[in-house]
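# Residue-level structural notes
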Amino acid sequence: MSTFIRYLRMYLHTVDGPKRPVGYLSQYGDILRVSFDRDYIDDTQRPTLSLSYRGADEAATRAILSAARDARLTRADGKWPSYFQNLLPEGHNRERLARERGCGVDDEFELLAAAGHDLMGALEVEPVPAREGIPDAVRLWHTAMGLDVLEPGFVEMPVEDAASIPGVVTKFSAVQEGRRYTIRRQGAAGSHILKLPSTRHPDLVANEYAGYQLARAVGLNCAHAELIPREAADLPEHLPFEHVLAVQRFDRLAQGRRVHMEEFVQILGYEPRQKYGKGLFEDYPAMLRVIDRLSAEPARDVQEFVSRFVAFILMGNTDAHLKNWAMVYPNGIDPVLAPVYDPVCITAFFDSVPPTDYGVNRAIDAKLTAFDWGDLADLLKLSQVPRASRLVQLARATVSRAQQEWPALLDAAPESMRKVITERLNGGVALTRG
C-alpha cells in the first residue's frame, strides 16, 4: 500500500511564553495518528494536553505518549482518537465549519485543520510546508507499521476566523472591540463565544443567562456572561432575535494568551456520542476521583462540584453532560475545576415540544427528580472522597440558599423557567422534600 500522507504540526501555548511544538497529527488513508515529539515525551515538566494521556507514574505516562497502537493515539476508521474528536463542533456549527472548509461533515482531519488556529484550550494546529519533508516523528511510526510512505500531501492553511466550539447550539467565536463583538477577527483567536436563540426556543439565551445568575447566587464559580443587543454583535447575517448571549472564554486571557482546558468527556476517554456517559453512579464518582486526586485545589473543587451538582438538579439542568464539565490548567500542568458554563434549564422546554422530544433529558430528569440525600451519600461513598458527611451538609446549605435567593431572581427569568424551578424549590424534587 502506498499513498500520500498529510500532517499537521501540534502546539501548546504557554501562559506566559511562546507556543511550544509538541507533536504531529497525521492522516494516511483512513489511519489518523497522534505522534508526540521526543523532547515532549521526555520532559517531566511537560505541559498537559490531557489527563487521558497521563499514567499512574512518569514511566507509564511516557509509555502512553510513545505507544504504537494505543487507541488514544491512533485509529483506522477515519476518525480522530476521542480527545481530538471532542475538539470538533456538533450540529449546525459543524455544518458551518464544513462549508467554510469545503469538506464533508465527516472529514475529521480537514475539520480540525480548518479550525486549527481557534480550538478549545491552548492547543493549536497548522500544516507544515510540504517542502520540509515528512517529519521523522511521523515517518518512523508509519514505516514501523509496514506502510510505504512516498511523499507528503498538501494541506490548506486554517480558514481565517474559523473556530471549533463544542456544542450543538449555534455559536460564533468573537473578539470584543469596545462595546462591539465581531467574528471577523483577522485570524486572532476568539475571546468570547456568542450564543444565539433558535426559532424553536426563542428564549434560549434568556434561559441560560438566568441560569448564570442563579448559579452565582448560590456561590458557584461561573464564566462571565451577559445579554447583549443583537446590534452589538457583528454576525454574518441578519437574525430575527433581539438579544445574543456573550460568554467570556475562561481559556483566553488578555493579549491573546491562552489557558489550556479539557472537558471531562476527554478526560474519561469518551467519544462525543457518549457525552451523556454511562450512568450517574459511574461517571460522577469517576469525575470526583479525578478532582480529588489530581486537582491543584482538591478540597475546594470537590466542594464546588457537589454544590454545582445539587444546584443543577434544582435548576432543571438535565444537559450537564460530560462536555459541560471541564478542568482548566492555569499553570499549563496542574488542573483545577473550570467555571460553570452552559447552565440551561432544559426542563423548561419540555412542555413546548412533543413528548417524544428530549427523550434523553426527560429520562435524566426522572432520575434527578428522585435523587435524594441517601443517594448523594452513596455517590460520595463510591467516589471515596474524604469528609463525605461534611459535603452532604454543604449540599444541604446550597439547597437552603437557593430556596432563599432564587425566587427574586426568577422574576426576571422566562416564564416557563420560573414555573418549573419554583415547583422544584417547593418540593418538586426529592432534595427539597427531605
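Relevant structure appears above.
Before going into details, it helps to say that this report is about the structure given with it. (Residues numbered from 1 in each chain as written. Predicted model: local features only at pLDDT ≥ 70, side-chain atom pairs only at ≥ 80, totals over all residues. Heavy atoms only, no water.)

### Quick notes on unusual backbone geometry
Negative phi values dominate among residues other than glycine, just as trans dominates among peptide bonds. A positive phi angle is found at D161, which is not glycine, with a value near 70°. Within the element layout of this structure, D161 appears in the loop between β6 (148-152) and β7 (171-177). Residue D161 is classed as partly exposed on the basis of its relative accessible area of 21%. Of note, Y358 is a non-glycine position whose phi angle comes to about 60°, a positive value. For Y358, the location among the structural elements is in the loop between β15 (336-337) and α11 (359-370). (Helix = DSSP H or I, 4+ residues; strand = E, 2+ residues; numbered from the N terminus. Buried < 20%, exposed > 50% of the residue type's maximum accessible area, 1.4 Å probe, protein only.)

### Observations concerning the sheet that holds strand β14 (residues 326-329)
Taken in spatial order, the 3 strands of this open sheet run β13-β14-β15, and their pairing is antiparallel. Sheet topology places β13 (260-263) and β15 at the edges, where each strand pairs with a single neighbour. (Pairing = 2+ DSSP bridges.)

### Concerning the packing of helix α9 (residues 280-294) against helix α12 (residues 373-383)
Axis separation between α9 and α12 bottoms out at 8 Å; the angle between their running directions is 55°. Considered as vectors, α9 and α12 are oriented oblique to each other. In this structure, α9 crosses over α12, and the sense of that crossing is right-handed. Contact residues: L280, F281, Y284, P285, L288 and R289 in α9; D375, D378, L379, L380, L382 and S383 in α12. Counted by class, the contact of α9 with α12 contains 8 nonpolar, 1 polar and 3 charged residues. (Axes fitted to C-alpha atoms, helices over the stretch in contact; angles between N-to-C directions. Parallel < 35°, antiparallel > 145°, perpendicular 65-115°, else oblique. Left-handed = near helix turned anticlockwise from the far one by under 90°. Contact = heavy atoms within 4.5 Å. Nonpolar A, V, L, I, M, F, W, Y, C, P; charged D, E, K, R; others polar.)

### Here's the deal with the nonpolar core
In this structure, F36, F84, L123, F264, L376, W406 and I421 are the most contacted members of the largest nonpolar core, which totals 108 residues. When near neighbours in sequence (up to four residues on either side) are disregarded, W406 contacts L214, A217, V218, A311, L314, M315, R401, I421 and L425. (Core = buried A, V, L, I, M, F, W, Y, C linked by side-chain atoms within 4.5 Å.)

### Notes on the pattern of salt bridges
Tallied over the entire structure, the rule returns 29 salt bridges. Linking E110 and R6 is a salt bridge whose minimum nitrogen-to-oxygen distance equals 2.5 Å. Taken together, the residues span a long stretch of sequence, with E110 in helix α5 (residues 108-114) and R6 in strand β1 (residues 2-12) at a distance of 104 residues. Since its relative accessible area comes to 12%, E110 is described here as buried. In this structure R6 comes out as buried when scored by relative accessible area, which is 17%. Here K79 and E108 are joined by a salt bridge, their closest N and O atoms 3.8 Å apart. (Salt bridge = Lys/Arg side-chain N within 4 Å of Asp/Glu carboxyl O.)

### Thoughts on the packing of helix α10 (residues 298-315) against α12
At a minimum axis separation of 13 Å, α10 and α12 run at an interaxial angle of 145°. Where α10 crosses over α12, the handedness of that crossing is right-handed. Contact residues: α10 offers V306, F309 and V310, while α12 offers L376, L379 and L380.

### Overview of the sheet that holds β7
With mixed pairing, the 6 strands of this open sheet are ordered in space as β10-β12-β9-β7-β8-β11. Both outer strands of the open sheet, β10 (225-229) and β11 (233-234), are each paired with one neighbouring strand and no more. As paired elements, β7 and strand β9 (residues 192-195) share 4 bridges and run antiparallel to each other. Paired with F172 across the bridge in β9 is L194.

Note that every value here comes from positions in space, so none of it alone points to a role or purpose.
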